[in-house]
Amino acid sequence: RIGGRLLVVVTSESVDILSGSRLEAVILEGKQARDEGGFNRFRLVVQTRNAAEDKAKLLRSFEAVSVKDEKTHVHVVGTSEMPDFYSR
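The residue numbers shown here count from 1 along each chain, following its written sequence. For a predicted model such as this one, the threshold for reporting local features is a pLDDT of at least 70, and the threshold for listing and counting side-chain atom pairs is 80 or more; totals across whole chains, interfaces and linings nevertheless cover every residue. Hydrogen atoms and water are omitted, and side-chain values are computed over all heavy atoms in the structure.

Enquirer: Outline the nonpolar core, supporting the account with residue identities and numerical values.
Expert: One finds L18, L23, I27, L44 and L58 to be the most contacted residues of the largest nonpolar core, which totals 16 residues. When sequence neighbours within four positions are dropped, the list of residues in contact with I27 reads F42, L44, F62, V65, V67, K68, T72 and V74. By convention a nonpolar core is built from buried Ala, Val, Leu, Ile, Met, Phe, Trp, Tyr and Cys residues, the set being connected through side-chain atoms within 4.5 Å. For every residue, the accessible area (1.4 Å probe, protein chains only) is compared with the maximum for its type, and the residue is labelled buried under 20%, exposed over 50%, or partly exposed between those bounds. Contact definition: two residues touch when any of their heavy atoms are within 4.5 Å.

Printed below as a string of structure tokens:
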């Protein structure tokens, strides 16, 4: 929760797993949490070792997600850009 307006979910789930119906489900759940919590926007942040390649794959999958809206976005960041919360 950032400023009471932005809901951010960070995951290190692999892009290969986080595609198709899995991505659709995650986006839908995030949108529902956004709306129920009174947030304006929802961001899914995917942490990956190969950000450049994985970003292209994930954005292609995201384009096919039918439940997304203009307040729902996906970001891909490299592991060096943020702490790895999931390695411990």
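Enquirer: Give a description of helix α2 (residues 51-63) that names residues and reports values.
Expert: Secondary structure counts use DSSP, requiring at least four H or I residues in a row for a helix and at least two E residues in a row for a strand, with both numbered from the N terminus. Expected helix span is computed as 1.5 Å times (number of residues minus one). The end-to-end C-alpha distance of α2, which contains 13 residues, comes to 18 Å, matching closely the 18 Å that a straight helix rising 1.5 Å per residue would cover. Looking at α2, one finds that the buried residues are A51, D54, L58 and F62. Burial along α2 is one-sided: seen end-on, the buried residues are contained in an arc of 70 degrees. For α2, the exposed residues lying more than 90 degrees away from the buried face are A52, R60 and E63. Directions drawn from the helix axis to the C-beta atoms are what define this arc.

These figures capture arrangement, not role.
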